[in-house]
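Here is what each chain is made of, one letter per residue.
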Amino acid sequence: MTAQARAACSLHRLPAEPTQADLEIGYATRGAQLVACDGARAAAVAIHDAEHELEARHAEARDRRLRPWWRFW
């Protein structure tokens, strides 16, 4: 699994006594962080799926090479 999938996403936290400006900045910042986290997760899933596809193709090719010459299936 890639480092992207293992890393936790950091999210903006509000200060102890937030002002209206803190809330607005936090809303925008947290939204951007969620989009970035979802993109990293999607990339990690795509890499994971591609790795398994390559492993399956390699195993199929290996099985074909090791099949006796008198078997056609």
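Our subject is the structure listed above.
None of the values given here were measured: they were computed from a predicted structure.

A. Local environment of the overall build of the protein chain. Across its full length, the protein chain holds 2 helices and 0 strands. Accessible surface computed for the protein chain: about 6,400 Å², of which carbon and sulfur atoms make up 60%.

B. Inspection of the environment of Pro-15 at higher detail. Along the polypeptide, Pro-15 turns up in the loop between helix 1 (3-6) and helix 2 (20-66). A C-alpha to C-alpha distance of 9.7 Å links Pro-15 and Gly-26, two positions 11 residues apart in sequence.

C. Molecular detail of the state of the cysteines. Summed over all chains, the structure comprises 1 disulfide. Here Cys-9 connects covalently by a disulfide to Cys-37, the sulfurs 1.7 Å from one another. The sign of the 75 degrees torsion about the S-S bond sets the Cys-9-Cys-37 disulfide as right-handed. Here Cys-37 lies in helix 2 and Cys-9 lies in the loop between helix 1 and helix 2, a separation of 28 residues in the sequence.

D. Structural context of the environment of Cys-9. Residue class for Cys-9 comes out partly exposed when judged on its relative accessible area of 38%. Sequence separation of Cys-9 and Gln-33 is 24 residues, and the distance between their C-alpha atoms is 7.7 Å.

E. Representation of the pattern of salt bridges within the structure. Summed over all chains, the structure comprises 3 salt bridges. Residue Arg-64 pairs with Glu-60 through a salt bridge whose shortest N-O separation is 3.4 Å. Of this pair, Arg-64 and Glu-60 both sit in helix 2, separated by 4 residues, roughly a single helical turn. Relative accessible area serves as the criterion here: at 48%, Glu-60 is assigned to the partly exposed category. Residues Arg-62 and Asp-63 are paired through a salt bridge, measuring 3.9 Å at the closest nitrogen-oxygen approach.

Cut-offs used in this document
Residues numbered from 1 in each chain as written. Predicted model: local features only at pLDDT ≥ 70, side-chain atom pairs only at ≥ 80, totals over all residues. Heavy atoms only, no water. Helix = DSSP H or I, 4+ residues; strand = E, 2+ residues; numbered from the N terminus. Areas by Shrake-Rupley, 256 points an atom, 1.4 Å probe, with all protein chains shown as cover. Disulfide = S-S within 2.5 Å. Buried < 20%, exposed > 50% of the residue type's maximum accessible area, 1.4 Å probe, protein only. Salt bridge = Lys/Arg side-chain N within 4 Å of Asp/Glu carboxyl O.

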